[in-house]
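# Fold and contact review
Single-letter residue listing:
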Amino acid sequence: MKISIHQLTKNYRKFRALDSISLHIPGGMFGLLGPNGAGKTTLLRILTTLLAPTSGQVRIGEFDVVQNPGAVRQRLGYLPQDFGFYRSLTAFEMLDYIGAMKNVPASLRKEQVMKTLTEVNLLEEARRKVGTFSGGMRQRLGIAQALLGNPELIVVDEPTAGLDPEERIRFRNLLSRLAQDRTVLLSTHIVADIEASCTGLAVLYQGKLVFNGTPEALIDQAKGAVWQVDVPLDAWPKLEVKYPVLSSRMLNRHMQARLLAIHSPFNGAQPIEPGLEDGYMAVIKSTLVQKEVHYG
Amino acid sequence: MGSLTLNRLWTAFRTEFRLLAGNWMYLSLHVLWAALVLMFLGHDNRSAQGLLETTLGRTAIGLISLVSLFLAAISSSRSNRMKFHELEDSFPTGFEVIFGRWLAGLLALVVFLVEPIAFAATQGPLTSLLAELPTYLGEAGLTFAVASAFAWALMSWSRPGRWAYPLLAAGWLGFLLGPTILADRFPFASLLNFMRQGVSFYSELWGRLLYGDQPFWFNLFYIGLLLLFLAILMISLSSRRFYRSSLVGSVLLIIALTLAGWSGMRYGSGVQAAQISNTFETLSIETNSFTVTDYQLILDLKDAQPAHFTAELTAVNQSSDPLDTLPFRLNPVLTVTDASLPVERRNELVIVHLSQPVGPGETLSFSINYQGMLRVESISDGVVEASDFIDPRGVRLTPTANWYPVPILSGPNMKYTQHDPAHIRLTVINSGSLPFAANLPAVGENTFEANSASWVFLIGSPRLVVEQVGDITLITSRADLEQARGLASVFEDPLRKITPFFPDAKVQGLILMVLGEEGGLPGRTPPAAGYPLVVTPRYSPANMSATLSSSRQFVIKTLLTDLWSLSDGKLDPEYGGPITSLERAFQAVVGFLDIYVREDGNPERMQALIQSDAQMQGGVDEDRLALLEIYRQSGQEAVKNVLNQMYQKPDELRGLPYEALPQWIRSAGGMR
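Because the structure is predicted, anything quoted here is derived from the model rather than measured.

## Here we look at the pattern of salt bridges
Residue and element names in this part refer to chain B. A complete count under the given rule lists 44 salt bridges over all chains for this structure. In this structure, the salt-bridge partner of Asp 623 is Arg 584, at a minimum N-O distance of 3.9 Å. Placement of Asp 623 in helix H17 (residues 622–634) and of Arg 584 in helix H15 (residues 581–598) is noted, with a sequence separation of 39 residues between them. Judged by relative accessible area, which is 6%, Asp 623 ranks as buried. Overlapping salt bridges bring together Glu 53, Arg 58, Glu 139, Arg 196 and Arg 208 as one network.

## Details of the packing of H17 of chain B against helix H18 (residues 636–648) of chain B
Residues and elements named next belong to chain B. Close contact between H17 and H18 brings their axes to 7 Å; oriented N to C, the two are set at 140°. Put simply, H17 runs oblique to H18. Where H17 approaches H18, its residues Leu 627, Ile 630, Tyr 631 and Ser 634 are matched on the opposing element by Gln 636, Glu 637, Ala 638, Val 639 and Val 642. In terms of residue class, the contact of H17 with H18 is built from six nonpolar, two polar and one charged.

## Details of the sheet that holds strand S19 (residues 510–514) of chain B
All names here are of chain B. Ordered by their spatial adjacency, four strands build an open sheet running S17-S18-S19-S20, and the pairing between neighbours is mixed. Two strands close off the open sheet at either side, each with one partner strand: strand S17 (464–469) and strand S20 (533–536). Each adjacent strand pair in this sheet contributes to an overall mean axis angle of 15°, direction not counted. In this sheet, S20 lies alongside S19 in parallel orientation, the contact comprising four bridges. Among the inter-strand pairings, Ile 511 is bridged to a residue of S20, identified as Leu 533. Docked against the sheet, helix H13 (residues 481–498) engages S17, strand S18 (472–477), S19 and S20, running at close to 155° with respect to S18.

## Here we look at the packing of aromatic side chains
Enumeration according to the criterion identifies 33 aromatic pairs over all chains in this entry. Relative to Phe 85 of chain A, the ring of Phe 83 of chain A has its centre 5.5 Å away and its plane inclined at 80°; by these criteria the two rings are edge-to-face. Residue classification places Phe 83 of chain A among the buried residues on the basis of a relative accessible area of 2%. Members of the aromatic cluster, joined through ring pairs, are Phe 83, Phe 85, Tyr 86 and Tyr 97 of chain A together with Phe 84 and Phe 91 of chain B. The ring of Tyr 12 of chain A carries Lys 10 of chain A above its face, with NZ or CZ at 5.6 Å from the centroid. When the ring centre of Tyr 658 of chain B is taken as origin, the NZ or CZ atom of Arg 584 of chain B, which lies over that ring, is 4.3 Å away.

## With respect to the interface of chain B and chain A
At the interface, 28 residues of chain B touch 33 residues of chain A. Counting each side, the surface lost to burial between chain B and chain A is near 2800 Å², with a carbon and sulfur contribution of 60%. Across the chain B-chain A interface, the total number found is three salt bridges. Salt-bridge contacts for Arg 45 of chain A lead to Glu 86 of chain B; the nearest nitrogen and oxygen are separated by 2.1 Å. Applying the counting criterion to the chain B and chain A interface returns 13 residue pairs in polar contact (both at pLDDT 80 or more). Of all the elements in the fold, those that place two or more residues in the side of chain B that touches chain A are helix H1 (3–21), helix H5 (78–81), helix H6 (85–89), helix H7 (95–110) and helix H11 (214–242) of chain B.

## Re the nonpolar core
Buried together is how nonpolar side chains tend to be arranged in soluble globular proteins. All names here are of chain B. Counting 72 residues, the largest nonpolar core has Ile 64, Trp 102, Phe 144, Tyr 222 and Leu 226 as the members making the most contacts within it. For this core, the element with the highest residue contribution is H11, accounting for 14 residues. The residues contacting Phe 144, other than those within four sequence positions of it, are Ile 61, Ile 64, Ser 65, Ser 68, Leu 106, Leu 109, Val 110 and Leu 113. Among the nonpolar cores identified, the runner-up in size contains 59 residues, and Ile 498, Leu 566, Leu 656 and Leu 661 belong to it.

## Observations concerning the domain arrangement of chain A
All names here are of chain A. With domains assigned, chain A is organised as domain 1 (3–214) and domain 2 (220–295). If you average the C-alpha positions of domain 1 and of domain 2, the two centres end up 34 Å apart. Opposite the twelve residues of domain 1 that make contact, domain 2 presents nine residues. Note on domain 1 versus domain 2: buried area summed over both sides is about 960 Å², and carbon and sulfur give 77% of it.

## Re the pairing of strand S8 (residues 183–188) of chain A
All names here are of chain A. Counted residue by residue, S8 has six buried out of six residues, so it is predominantly covered. The alternating pattern of S8 places Thr 183, Leu 185 and Ser 187 on one face and Val 184, Leu 186 and Thr 188 on the opposite face, and all of these are buried. By the bridge criterion, five bridges tie strand S3 (residues 29–33) to S8 in an arrangement that is parallel. Bridge pairing links Met 29 to Val 184 in S8. Taken together, the five bridges between strand S7 (residues 153–157) and S8 define a ladder with parallel strand orientation.

## Considering the sheet that holds S3 of chain A
Residue and element names in this part refer to chain A. Taken in spatial order, the six strands of this open sheet run S6-S7-S8-S3-S9-S10, and their pairing is mixed. Each end of this open sheet is capped by a strand with a single partner; those strands are strand S6 (76–79) and strand S10 (208–213). Shown here is a sheet whose adjacent strand axes are inclined to one another by a mean of 15°, direction ignored. Looking at chain direction, S3 and strand S9 (residues 200–205) are connected through four bridges and run parallel. Each residue of the ladder has a partner; that of Leu 33, found in S9, is Val 203. Against the sheet, helix H6 (residues 165–178) engages S3, S7 and S8, with an angle of about 145° to S8.

## Notes on H11 of chain B
With 29 residues, H11 of chain B extends 41 Å between its outermost C-alpha atoms, agreeing within 8% with the 42 Å of an ideal straight helix rising 1.5 Å per residue. Within H11 of chain B, 23 of the 29 residues are buried, which leaves the element mostly enclosed by the surrounding structure.

## Overview of helix H20 (residues 661–668) of chain B
Residues and elements named next belong to chain B. For H20, the tally of buried residues reaches six of eight residues, placing the bulk of the element in the interior. Here the buried face of H20 lies against H15, H17, H18 and helix H19 (650–654). In the segment just after H20, Gly 670 is the residue with positive phi, at about 70°.

## A few points about the domain arrangement of chain B
All names here are of chain B. The domain architecture assigned to chain B consists of domain 1 (3–277), domain 2 (279–461), domain 3 (463–542) and domain 4 (569–668). The C-alpha-based centres of domain 1 and domain 2 are spaced at 46 Å. Contacts between the two partners involve 20 residues from domain 1 and, on the opposite side, 21 residues from domain 2. Carbon and sulfur atoms supply 61% of the area buried between domain 1 and domain 2, which totals about 1700 Å² over both sides. If you look at where domain 1 meets domain 2, you find zero salt bridges. Viewed at the interface, domain 2 and domain 1 are joined by six residue pairs in polar contact (both at pLDDT 80 or more). No other element matches the seven residues that helix H12 (residues 247–277) contributes to the side of domain 1 that touches domain 2. Residues of the side of domain 1 that touches domain 2, tallied by class, amount to 13 nonpolar, seven polar and no charged.

Rules used in this analysis
- Residues numbered from 1 in each chain as written.
- Chains lettered and ligands numbered in written order.
- Predicted model: local features only at pLDDT ≥ 70, side-chain atom pairs only at ≥ 80, totals over all residues.
- Heavy atoms only, no water.
- Salt bridge = Lys/Arg side-chain N within 4 Å of Asp/Glu carboxyl O.
- Helix = DSSP H or I, 4+ residues; strand = E, 2+ residues; numbered from the N terminus.
- Buried < 20%, exposed > 50% of the residue type's maximum accessible area, 1.4 Å probe, protein only.
- Axes fitted to C-alpha atoms, helices over the stretch in contact; angles between N-to-C directions.
- Parallel < 35°, antiparallel > 145°, perpendicular 65-115°, else oblique.
- Contact = heavy atoms within 4.5 Å.
- Nonpolar A, V, L, I, M, F, W, Y, C, P; charged D, E, K, R; others polar.
- Pairing = 2+ DSSP bridges.
- Phe/Tyr/Trp six-rings, centres within 6.5 Å; stacked < 30°, edge-to-face > 60°.
- Lys NZ or Arg CZ within 6 Å of the ring centre and 35° of its normal.
- Buried area = accessible area lost by both parts, 1.4 Å probe.
- Polar contact = N/O pair within 3.5 Å; in protein donor to acceptor, adjacent residues only side chain to side chain.
- Core = buried A, V, L, I, M, F, W, Y, C linked by side-chain atoms within 4.5 Å.
- Domains from an automatic or database assignment.
- Expected span 1.5 Å × (residues − 1).

Next comes the structure, spelled out in structure tokens:
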């Protein structure tokens, strides 16, 4: 299911949360990256019809989210960032209720609920009250409810927060599998989540779209700009201030670090192959520099 | 509405009801509520219908209304509290989910009626309970629906935080007290009394006939408000989730406002009409001195709207001058259609013009036919209530309605509740199956006749029961029959025992009206010849037990008042004025007859009882003791002599110092 976003703007009174975003998502698994406060959740809330845009147009498939929100909801599975359930219902009852709300026919509902519970590895907990679930179990139940009704579009907002590494991998794999025959929109600030599964991605920063393309294209943004350095501890503070540090570790009174720099920061710095996270940082930092130049 | 929508509605309803009713607080509230309802045990002796329409039923509606506000607020904010709202809003649902959840809340509230209804069922009778259930469930349900829809609309519209709860409680308290306080000055404020507190749209005999259409307009107003709150919910949801106004919601809003406005105005005009009917015009007429000695009254209900009356009167000129006009008072809504003598109608007056003056002591007979739709209303606690009416479903006519011509004898502005004693024969014809009763003895089907009757109280109701219990003619409602029978048995023994002391009363029986409807009747309800009359609300025999001194004395005093009057005795006015020795003498007779009844006239045991009372009260009742001494010495005849002197010398007694009364009694009884 295609998603077309054209000149989308959202203001909260005087604050502009989204600024003329235009984006086309052809389908498959698509990542939405950006730091906290970049506008990801606002964009998702508009896509999921929870929020009306200030201006611009958003179409999910053939449906406009403002003109026909009901049709969009009928095709949507959504997992918000912060959510809960009716604590006194069991997992099965909760999903059965949501299934009815999503117009899953009564004759198919039980089967579908059991299937989704199996997919998220909660079948054994089906009769347990949701109020007794751990954070991870609750998150998995959240995924299960998003899958109910076999939606054409699944929107997940920061889904791996609170999951342990094993659950996170399991969850990524599940999303990848789901994306084979539908659109999955994954919003996160954890680059690894996108790296592992997305075929396309966009980076939002301070309400603007600063990158739109493939993960490889994002990596290219940092090509030739990532350096590995090995410096004495006393020289480190100066370097840390001057260059964006991607990672660092202390080794025998020396600091070994990866830096972002257009040119070699000093003699002895080794150029290395960038990763997706490096590309993401390169995009964010270059946006920041451009802004500083612009305002300077 | 498609099957998917209905399915969502049903699922939302089912789940919400489970969430509410499965909560431990809900179950605890039921336990608490059941305990509260049980507190009514033994404190109220109304029928099941009476209980639900008045005390217990009103308390239940009031308290559950508070629960309604809180329960709806809790219900409507649950998704937010549980952080489920974003998920919920992403589902392809509409108003049906909110509606289903609201309905579930309403059902959870209606379940709270189980306790009061079960308690009322234990009071019986079953017919009374069954007659009331649809009305009570409907009205209580409407009240809870309005309260909960209001809370839903408030929470959905403004999404307040926890401060909403004290606000709702304050609002509830305001509506609980406000209308009742305001209704005295502004009767229209009773419309705001959505919890129906402090007022009863109910009578055991006539149900809601007393209140005319007012309950209908009241309920319709709240149906309008209910639709208004639902429309607000619908519009609010549509604007938030569909970014547009709801057409159905807007239409519903217009319908709701129209309905509430229209019915509110109709309710208000009912109040206004009752206020106007309470304003009596001042009569300006010279009064003559004549009395009516014979009334032949016929009420024809062939066409009850209007009802037709025929009155044949025999009047006597009591003055020393000839009279050429006879002024009567007759309710102004009654139109004179025909008369055997020329008649002039002027507001409340009917003036009969005589072509030949009637001389002093002479008698004159004439007839008047009149008709009208009689309904006299007043406002009590802001609520319109009819004291008199003629309706195919029931009749209530008291003397204050002036439904038959009564001579104007005293001051021109006085309202009369009785006239000089006359022979009265009253017949109700063409009444279908509607049974009738009156304060006069029945002499045939729907025919009542008595000598020396100074007023007529006519009642007709499908719920009316007339039953003969020994010498007592019991007149009551079907719902009160069992209790009234018990009450009749309380009166039976004293009546039989004390009647021999009053041979001049020529008692033929007692008319006992257990009605609970005493408005518009004269004080002390004077009896017609030979028939003492007791008009009383429903008391349970347990409450009127012979062991209760106050109840026992009430029975004796009630009987004695009429026997005294039938023996031509005079009494001081019931209220106001100092207590004279005449009143004390009367009280002494009450005390004496009380112990006489209790001890079956055994003088020794009566003496012991007086001594026992004296020990308990720290002194002897000398007046009563004097009567007992006479009785011990000379028996019943001597006491009758004392009573005779009391009837004949009221003025002497009034002027007598208290301390001289025992001696006066001993002297009147011929004590040696």
